[in-house]
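Listed here are the chains, written in short residue letters.
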Amino acid sequence: MSGGPMHVFGPLVYIHNLLAAYLNTCVDYVIPHDHVYGIQLDNGTWNGIMGQVTRKEVDMSGTLMYMDASRQRAVDTSVALFINDKILTYKRPVPQADLAGFLKPFTPMMWCMILLTVTVMVTVILWTQRLQNKFINPDALVKDGEEEQEETRRRLSEDERQQPLPTLWTSCLWSFSALLALSSRWWPQGTVLQVMAGVWLLAALVITTVYRSNLMAMLIIPKLHLPFNTLQELLNTNIPCYVAQGTVLLTDILAAEPGSQLHRLRKQMITHSNVKKTELDVLQGKYASFSSRLAVLSSIHNIFSTTKSCPLYIASETFFGSSSLCFVFPKGSHLSRKLNPVHVAWYCGLPTGDNDCYVLPPSLSYSRYAGGNETLLCQTMTI
């Protein structure tokens, strides 16, 4: 591989070391020239890692591979080590002010109840005024003062009683003014109206106090408008989407039935094998990424370790959730039969040899086992 010494990193390196110790051999990493996992070409051959394995240029894959029917027919596999799915990622949008925060202090049901209460209050005040004007002597509304009696008689004149609009206006104006803590020129007259007004003032005080306290919390919550959260929403945008070359996902997209979501994605699809360029372009928001969850989480981890920030978001919709990840071996290879018991022992805690020693996880020390002297030749993809 040109460009200096090769740097191999990641959790799979620990697994390679354990496997090499179990076989009492060494590991030699070989990188395919096209830097892809591998798909079957029209002439029946394979490229990428799958091509190296099928041509027996290597003894096994150093990276875990998605398995579909065509790959299962071409190579032998280890036991499934991981269950992975496909996810959509894109540049995380910048938080914005949420103007809807003025409505969020109450739930929709609470707003409906408040509106219903105001309507009832307006109706009660309206009919109470009309009944009061019809049956109660204006002189009885005030006890002292000729000037006050004269003012009361003027307000309750016969002309005003016969016109419903002023009474409706004062009922609406005062009910909403109390709720909004605004002053009103009209004041309830009579014991019945004053009692109802006092109850409404107390209720309005409670409602407005709760609203103001919740409003302060709602206004400081930022709003994130996601460009898409599902594949269908992505298809409704003009955002290009990256799919890695030589993957099972690319094969499924190219073979998708016309009219399906995967088939429609082909119009927005961008594919190449330059992973570093993809990371940079996705961070800049040039296009979205459709990839495996483990690859995305690894990329996010690398970005966070260098920038101390998380500039990407993951859509909620997932795809191919039951896909298994395995090591692959050339057809008929003896290594799969040797290494599968080791893989099972890691997950089940079973002995791996007659001496009842255990192969421990990479974070712990491991025992060395006697094995063949062959060189374990494999390749890995560094992302």
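Computed from a prediction, not measured in an experiment: that's the story for all the values here.

Participant: Report on the overall build of the chain, specifying residues and quantitative values.
Facilitator: From N to C terminus, the chain includes 14 helices and 11 strands. Residues counted as buried form 40% of the 383 residues belonging to the chain. Sequence-distant contacts in the chain: of pairs separated by 6 or more residues, those separated by 24 or more amount to 74%. Carbon and sulfur atoms make up 61% of the accessible area of the chain, which amounts to about 22,100 Å² in all.

Participant: Pulling in residues and values, what's your account of the sheet that holds strand S7 (residues 269–270)?
Facilitator: Taken in spatial order, the six strands of this open sheet run S3-S9-S5-S8-S6-S7, and their pairing is mixed. On the outer flanks of this sheet lie strand S3 (65–66) and S7, each paired with one strand and no other. Sheet analysis places strand S5 (residues 82–91) next to strand S8 (residues 288–292), joined by four bridges and oriented antiparallel. Opposite leucine 88, over in S8, you have phenylalanine 290 as the bridge partner. Along the sheet, helix H12 (residues 275–283) contacts S5, strand S6 (241–242), S8 and strand S9 (312–326); its crossing angle with S5, the most-contacted strand, is approximately 50°.

Participant: Outline the environment of arginine 293, supporting the account with residue identities and numerical values.
Facilitator: Tracing the backbone through its elements, the reader meets arginine 293 in helix H13 (residues 293–307). The spacing of arginine 293 and isoleucine 87 is 206 residues in sequence and 5.9 Å in space, taken between C-alpha atoms. Once residues lying within four places of it in the same chain are set aside, the contact partners of arginine 293 are Asn84, Asp85, Ile87 and Thr318.

Participant: Report on helix H1 (residues 11–23), specifying residues and quantitative values.
Facilitator: For an α-helix the count is 3.6 residues per turn, leaving residues at separations of three or four pointing the same way. Taking 1.5 Å per residue, 13 residues should reach 18 Å; H1 reaches 19 Å between its end C-alpha atoms and fits that length. Buried residues dominate H1, accounting for 10 of its 13 residues. Buried within H1 are the following residues: Leu12, Val13, Ile15, His16, Leu18, Leu19, Ala20, Ala21, Tyr22 and Leu23. At the C-terminal side of H1, asparagine 24 shows a positive phi close to 55°.

Participant: Break down H13 for me, citing the residues and quoting the values.
Facilitator: Taking 1.5 Å per residue as the helical rise, H13 with its 15 residues ought to reach 21 Å, and the 21 Å between its terminal C-alpha atoms agrees with that figure. Within H13, burial applies to Val296, Ser299, Ile300 and Ile303. Along the axis of H13, the buried positions cluster into a sector of 100°, meaning they face one direction only. The secondary structure elements touched by the buried residues of H13 are S5, H12, S8 and S9. Just beyond H13, the residue with positive phi is lysine 308, at close to 60°.

Participant: Can you break down a nonpolar patch on the surface residue by residue, with the values?
Facilitator: A surface patch of nonpolar side chains, about 530 Å² in accessible area, is lined by Met109, Met110, Met113, Leu116, Val120 and Val124. Within the secondary structure layout, methionine 110 lies in helix H4 (residues 108–135).

Participant: So what's going on with the pattern of salt bridges? Residues and values would help.
Facilitator: Counted by the stated rule, this structure contains five salt bridges. A salt bridge links glutamate 57 to arginine 55, with the shortest nitrogen-to-oxygen separation between them at 2.7 Å. Bridged by salt links that share partners, the residues Lys277, Asp281 and Lys286 form one connected network.

Participant: Any details on the nonpolar core? Residues and values, ideally.
Facilitator: Counting residues in hydrophobic clusters, the biggest one holds 21 residues, and the most contacted among them are Leu88, Phe228, Leu231, Leu234, Leu265 and Phe290. Listing elements by their share of this core, those giving two or more residues are S5, helix H9 (231–235), helix H10 (248–254), S8 and S9. Other than its neighbours up to four places away in sequence, leucine 88 contacts Phe228, Thr230, Leu231, Leu234, Cys241, Ser289, Phe290, Tyr313, Ile314, Ala315 and Phe319. Core analysis: the second largest hydrophobic core is formed by 18 residues, Val122, Ala197, Tyr211 and Leu215 among them.

Participant: Which residues make up unusual backbone geometry, and what values do they have?
Facilitator: It is generally the case that most residues other than glycine have a negative phi and that most peptide bonds are trans. You will see that asparagine 24, though not glycine, has its phi angle at about 55°, which is positive. As for its position among the elements, asparagine 24 is in the loop between H1 and strand S1 (27–29). With relative accessibility at 44%, the residue asparagine 24 sits in the partly exposed group. Although it is not a glycine, histidine 35 sits at a positive phi angle of roughly 55°. With respect to the secondary-structure elements, histidine 35 resides in the loop between S1 and helix H2 (48–54).

Participant: Just give me the short version of the side chain of threonine 247, but keep the residues and values in it.
Facilitator: With respect to the helices and strands, the residue threonine 247 is situated in the loop between S6 and H10. Once you skip the residues sitting within four places of it in the chain, threonine 247 turns out to touch Tyr37, Ile39 and Arg71.

Participant: Pulling in residues and values, what's your account of the confidence of the model for the chain?
Facilitator: Across the chain, the average pLDDT comes to 77, with 79% of residues at 70 or higher. Mean pLDDT across the elements of the chain bottoms out in strand S11 (residues 376–379) (42) and peaks in S6 (94). In the model, residues 158–165 has pLDDT below 50 throughout and makes six contacts with residues more than four positions away in sequence or in other chains.

Participant: Break down the packing of aromatic side chains for me, with residues and values.
Facilitator: Taken as a whole and judged by the stated rule, the model has seven aromatic pairs. Relative to tyrosine 287, the ring of tyrosine 242 lies with its centre 6.3 Å away and its plane at 25°, an arrangement referred to as stacked. Taken together, the positions of tyrosine 242 in strand S6 and tyrosine 287 in the loop between H12 and S8 put the pair 45 residues apart, joining distant regions of the chain. Like tyrosine 287, tyrosine 242 is buried. By way of ring pairs, the aromatic residues Tyr90, Phe228 and Tyr313 are connected into one cluster.

Quick notes on the rules
Residues numbered from 1 in each chain as written. Predicted model: local features only at pLDDT ≥ 70, side-chain atom pairs only at ≥ 80, totals over all residues. Heavy atoms only, no water. Helix = DSSP H or I, 4+ residues; strand = E, 2+ residues; numbered from the N terminus. Buried < 20%, exposed > 50% of the residue type's maximum accessible area, 1.4 Å probe, protein only. Contact = heavy atoms within 4.5 Å. Areas by Shrake-Rupley, 256 points an atom, 1.4 Å probe, with all protein chains shown as cover. Pairing = 2+ DSSP bridges. Axes fitted to C-alpha atoms, helices over the stretch in contact; angles between N-to-C directions. Expected span 1.5 Å × (residues − 1). Arc of directions from axis to C-beta. Patch = residues over 30% accessible without salt bridge, like charges linked within 9 Å, V, L, I, M, F, W, Y side chains within 5 Å. Salt bridge = Lys/Arg side-chain N within 4 Å of Asp/Glu carboxyl O. Core = buried A, V, L, I, M, F, W, Y, C linked by side-chain atoms within 4.5 Å. pLDDT = per-residue confidence, 0-100. Phe/Tyr/Trp six-rings, centres within 6.5 Å; stacked < 30°, edge-to-face > 60°.

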